[in-house]
Number of protein chains: 2
Amino acid sequence: MAVKAQVLYDFIAEPGNNELTVKEGETVTITNQNIGGGWIEAQNSRGDVGLVPEDYIELSQQFPAFPAAGTTAPTPNVAHVPAPDLSIFDAYAPPSAPAQNQASNGNDPWSVWNTDPSGGSNNNWASNPEGTQTGKSAADPWSSQGHPQAYQGPGAEDDEWDDEWDDMKSTGGYTESESGDGGAMQRGGAHATSMKISLNKFPGFSKSGPELYLLCKQLPKGKDKLPIYVGEVGPVWAYPEAQLDCVVADPKKGSKMYGLKSYIEYQITPNTTNRPVNHRYKHFDWLYERLLDKFGSAIPIPSLPDKQVTGRFEEEFIKMRMERLQGWMTRMCRHPVVSGSDVFQTFLTYKDEKDWKMGKRKAEKDETVGVMIFSTIEPEASDLDPVEVEQKCEQFSRFTKAMDDGVKEILTVGHEHWKRCTGPLPKEYQRIGKAFQNLSSVFTSSGYQGEATLTDAMTAAGKTYEEIAQMVAEQPKKDLHFLMETNNEYKGLLGCFPDTIGVHKAAIDKVKEADKLVAASKITPQDKVTMAKRVSTMSYTLQAEMNHFHSNRIYDYNRVMQLYLEEQVKFYETIAEKLRQAHGQFTTM
Amino acid sequence: MAVKAQVLYDFIAEPGNNELTVKEGETVTITNQNIGGGWIEAQNSRGDVGLVPEDYIELSQQFPAFPAAGTTAPTPNVAHVPAPDLSIFDAYAPPSAPAQNQASNGNDPWSVWNTDPSGGSNNNWASNPEGTQTGKSAADPWSSQGHPQAYQGPGAEDDEWDDEWDDMKSTGGYTESESGDGGAMQRGGAHATSMKISLNKFPGFSKSGPELYLLCKQLPKGKDKLPIYVGEVGPVWAYPEAQLDCVVADPKKGSKMYGLKSYIEYQITPNTTNRPVNHRYKHFDWLYERLLDKFGSAIPIPSLPDKQVTGRFEEEFIKMRMERLQGWMTRMCRHPVVSGSDVFQTFLTYKDEKDWKMGKRKAEKDETVGVMIFSTIEPEASDLDPVEVEQKCEQFSRFTKAMDDGVKEILTVGHEHWKRCTGPLPKEYQRIGKAFQNLSSVFTSSGYQGEATLTDAMTAAGKTYEEIAQMVAEQPKKDLHFLMETNNEYKGLLGCFPDTIGVHKAAIDKVKEADKLVAASKITPQDKVTMAKRVSTMSYTLQAEMNHFHSNRIYDYNRVMQLYLEEQVKFYETIAEKLRQAHGQFTTM
């Protein structure tokens, strides 16, 4: 039967990937729902058929693909609907999915502050009524559609799709212990925004934020306290002597059900134990969800690279994903709070299957999630004045917003440069090289004696320009790639700040309301004092986190800029040298 | 009144030059015929108005601009119609005009041989039924429309237009002595093809070629003989010990009629006398016509650069024209026969106005023009077998044709490269530079201490890429320009060979017919022997000329390739150095 669907967001097809360009509001006919990898095959009114990301369209029909899915049919906007099979969609949604989920909350992730200094980019968001980042992400060249190597077609991800799919079948739904789906339920909420879950448990201020913490009568005592010291740069986390680090390597294709279903298993080796542990993508995803639930209100937890990473060929896809999983793990390891947490340690150092399952169960039972993380934070400094708290918060919001624009600009420019360097430019150098060689071979046919010296040199010059064409086409992989990767990572990281900062903004508003609340005897005068103290603790947390962010940012950009320029220097020096040799072949007169 | 015109050839407008793109067969309305510079303002059916080369359209009306033109109204295809005002059109016709004039003879300039080895380019001509080069020229990027600096609009050439125009007025028509128009009459014919003139005087073989020489009863005796020796490369001209050379410099704007009409006067200083003489463009043009008439059947005389050269601004235009006049003069000086001729010597060394006018008169009276030039040539070697003559001729035809294709390929590729280097590429480097600087200034706003080291370095890196953008945009003027100029010069030179080779082909055909002609007693058996002897002389001439061409070609391409590569090396080394300095600004960690 012809299933119709409504296009939610513009999507530009990547040439050669069997994708279909669709416009927001357009109606398409679903021709194949069983593509997988977060994709659906659709046909537009002009009869063109191609792949479209599931999350970009809204089906007017249930998925025949999921007879067992039960009462709530999973629509592409999965984030709204916690359901057993969510994980499938989540794990393989296109890059823009998380942003889109944020968007689906209906508030512009960057609109927490009415006063936005950077006008230009402000318009970007303004021109985006739903405030969804999807529009931007979809247009972002470094997102999967844009990445020169990018590919979201079925092939690349089939194995993982099968993997998850297979899990559902094999576990016949899900059990608390082994399936990622238990996580998925919270994850659905978590994505909507990591705070919502816990708040919904809290009566009264239904539409508000961090009251759960601000007004919590009895904060958990003792264990797992997170101190904040005052360093020379201001509030800082407590950093371990030895920096945790790990190596993600050796991806192995595993299989189950007599090889019917396959999956990729990665080997992660922490520098602490030096003992490798194996994890599949779904375990990384589980870890991400735990970290998001537990720390998301205080610490930006970038979503898993997988959401961006796809390769044109399976090897390339696995290599690229591993490279980005490594980047993600490294960033998590660098964070003193995350790397020190039980859940992270369990992930890195579990001894055996039993140990792992216990750790999982424990982590999933953890109550100190969402805003309650602030209850574990202990600043050594004295409380801050609410005005200062608000100023700091506004400053960080402005900075992260501005940096988000700057990073996206580099990604856009970089992607255009990538396309030029791998497309028209080498073609042109090749044509120059060919033109020299063609003329040279005409000269050879002259029959005039003493021709050879010139023609040999001209042919060599022509070949040199063909070599240069080759070099130009391969250069981006050597330098631009890392510049893009780093900025892409920061784009993901910066995309988390609106939520994190949103919690703080909400808390500050609450404190501002405190007097009214007291008057309306919704809270006691004592509560008001407590709120002020706790919002100060939140501010120290945010400042410590920003200082952590800044020091990492300076390190990362210093490193990547050096690497980029180093490679660029080599590149131009090599070209100059090749041309010098070609020049040497001509006889000086 | 609305004058309609038929478009004869496709013409692609150069952006920013008020030009109008027109298609062959299209009908346009003439909105202004008094533009000058070989241009007419026209309006197409869509109402767009712009300039179109006169020679590209066929008017269905007389020129109101020339009431005095008399019975034969000059149509854009001026070459057919020798008329006093021809020189105006001729001298300022678009680059393709001469080629087109050849075309208007109705025979493909390259089709002298049915067997054309180079299939690809053969198709080019095949797809060109009129055999006109105009189609190609119009598409050739280095022709005026294509040249990045090119401009055929009225402004640039007004002064010269006025100049010629003024001459006509001032001399009230023309006098044999001072006006270039006397020349123009022959020139009109000369352009149609330099042989026609003399042949038409000769009864009998009306549609044929070089009989005037082949069957001439009494060859002029003594003076001005041109010997051909046999060197190690084969037949060669007699070269002078000292190579003639001259410097074209110091263009001065002169004026007449109380400054109402202006003209440019160039100073030409030969290395023989070291005494400068002054000439206006019209004198160069006169010289060109004399050389074409006298040597055109034996020696390719490239048309004056002016037909290609136009600049966006008057200074640029004058500079560019002078550069190309210098190139043209240098080439003529290098040719032993041309440089030794009376007319050329007169041009370079006349003592005073009286001397110049006498020389002019003498040259215009010269009877040894067209094919009769062969009557002055004396090869030292023994007569060649007609079969060998034909083989040589075919070989030269193939080579010049193939080289013409090779040269045009370089011009096409080079022009595209020029456009990229002056257009999108620098823009991209600039955007990269800006993106780095923008992110750097965001970083500066972080308020985090120890930020400066990174931001200073990033800003410097950004500025470096802006400098690179500048370098990229300016580079073509430093290297590609000369590569293009040389190939452009050779394109012009190669465009002359079809006519020259055509004469030889015609002569060979005549010799083949000789027996029939004897039978039909159109010629005597003795005539037949004479013909064979003379066609051998023609062949020695062609071989000497080809050897001259080859040695010059090898010298020119060796020189220009070296210059190009030298500049390219400098270019890439400078970029590498700039980037190395930018890299040095980052703190190594």
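Residues numbered from 1 in each chain as written. Chains lettered and ligands numbered in written order. Predicted model: local features only at pLDDT ≥ 70, side-chain atom pairs only at ≥ 80, totals over all residues. Heavy atoms only, no water.

Caption draft 1: Highlighting the sheet that holds strand E6 (residues 226-231) of chain A. Residues and elements named next belong to chain A. One open sheet accounts for three strands, arranged E7-E6-E11; its pairing is mixed. Looking at strand neighbours, the two that pair on one side only are strand E7 (234-237) and strand E11 (377-379), the edges of this open sheet. Strand-to-strand twist in this sheet, taken as the mean axis angle between neighbours without regard to direction, amounts to 30 degrees. Two elements, E6 and E7, share four bridges in a ladder whose sense is antiparallel. Its bridge partner lying in E7, Gly231 is registered against Gly234. Across the sheet, helix H19 (residues 525-584) touches E6, E7 and E11, and the angle it forms with E7 is around 80 degrees. (Pairing = 2+ DSSP bridges. Helix = DSSP H or I, 4+ residues; strand = E, 2+ residues; numbered from the N terminus. Axes fitted to C-alpha atoms, helices over the stretch in contact; angles between N-to-C directions. Contact = heavy atoms within 4.5 Å.)

Caption draft 2: Here's a closer look at the relation of the copies chain A and chain B. Its rotation angle being 180 degrees, the transformation that places chain A on chain B also includes 0.0 Å of axial translation and leaves an RMSD of 0.2 Å. What we have between these two chains is a two-fold relation. The position closest to the rotation axis in chain A is occupied by the C-alpha of Tyr572 of chain A, lying 2.8 Å away. A share of 100% of the interface residues of chain A reappears at the interface of chain B, consistent with the copies meeting face to face through the same patch. (Least-squares fit on C-alpha atoms with pLDDT ≥ 70 in both.)

Caption draft 3: View of the packing of H19 of chain A against helix H19 (residues 525-584) of chain B. Where H19 of chain A meets H19 of chain B, the axes come as close as 8 Å, and the angle between the chain directions of the two elements is 160 degrees. Taken together, the axes of H19 of chain A and H19 of chain B are roughly antiparallel relative to one another. Crossing angle aside, the handedness with which H19 of chain A passes H19 of chain B is left-handed. (Parallel < 35°, antiparallel > 145°, perpendicular 65-115°, else oblique. Left-handed = near helix turned anticlockwise from the far one by under 90°.)

Caption draft 4: Looking closely at the environment of Ser445 of chain A. All names here are of chain A. Assignment of secondary structure puts Ser445 in the loop between helix H15 (424-444) and helix H16 (452-478). Considered as a pair, Ser445 and Val569 are 124 residues apart in the sequence and their alpha carbons are 40 Å apart. From its side chain, Ser445 meets the backbone oxygen of Val442 in a polar contact 2.5 Å long. (Polar contact = N/O pair within 3.5 Å; in protein donor to acceptor, adjacent residues only side chain to side chain.)

Caption draft 5: Representation of the interface of chain A and chain B in the model. Across the contact, 68 residues belong to chain A and 68 residues belong to chain B. Summed over both sides, the interface of chain A with chain B buries roughly 6,500 Å², with 67% coming from carbon and sulfur. Between the two partners, chain A and chain B, sit eight salt bridges. Here Glu416 of chain B and Arg431 of chain A are joined by a salt bridge, their closest N and O atoms 2.6 Å apart. (Buried area = accessible area lost by both parts, 1.4 Å probe. Salt bridge = Lys/Arg side-chain N within 4 Å of Asp/Glu carboxyl O.)

Caption draft 6: Region of the structure containing the sheet that holds strand E6 (residues 226-231) of chain B. Residue and element names in this part refer to chain B. The strand order E7-E6-E11 describes an open sheet built from three strands, whose pairing is mixed. Lying at the two open borders of the sheet, with one neighbouring strand each, are strand E7 (234-237) and strand E11 (377-379). Adjacent strand axes in the sheet meet at a mean angle of 30 degrees, parallel and antiparallel pairs treated alike. Direction of pairing for E6 relative to E11: parallel, over a ladder of three bridges.

Caption draft 7: Inspection of the pattern of salt bridges at higher detail. The tally for this structure, following the rule as stated, stands at 55 salt bridges over all chains. Here Glu451 of chain A makes a salt bridge to Arg553 of chain B, at a shortest N to O gap of 2.7 Å. On the criterion of chain membership, the pair formed by Glu451 of chain A in the loop between H15 and H16 and Arg553 of chain B in helix H19 is interchain, its members lying in two chains. Overall, the relative accessible area of 0% leaves Arg553 of chain B in the buried class. One network of salt bridges, with partners in common, ties together Arg331, Arg334, Glu489, Asp556 and Arg559 of chain A. (Buried < 20%, exposed > 50% of the residue type's maximum accessible area, 1.4 Å probe, protein only.)

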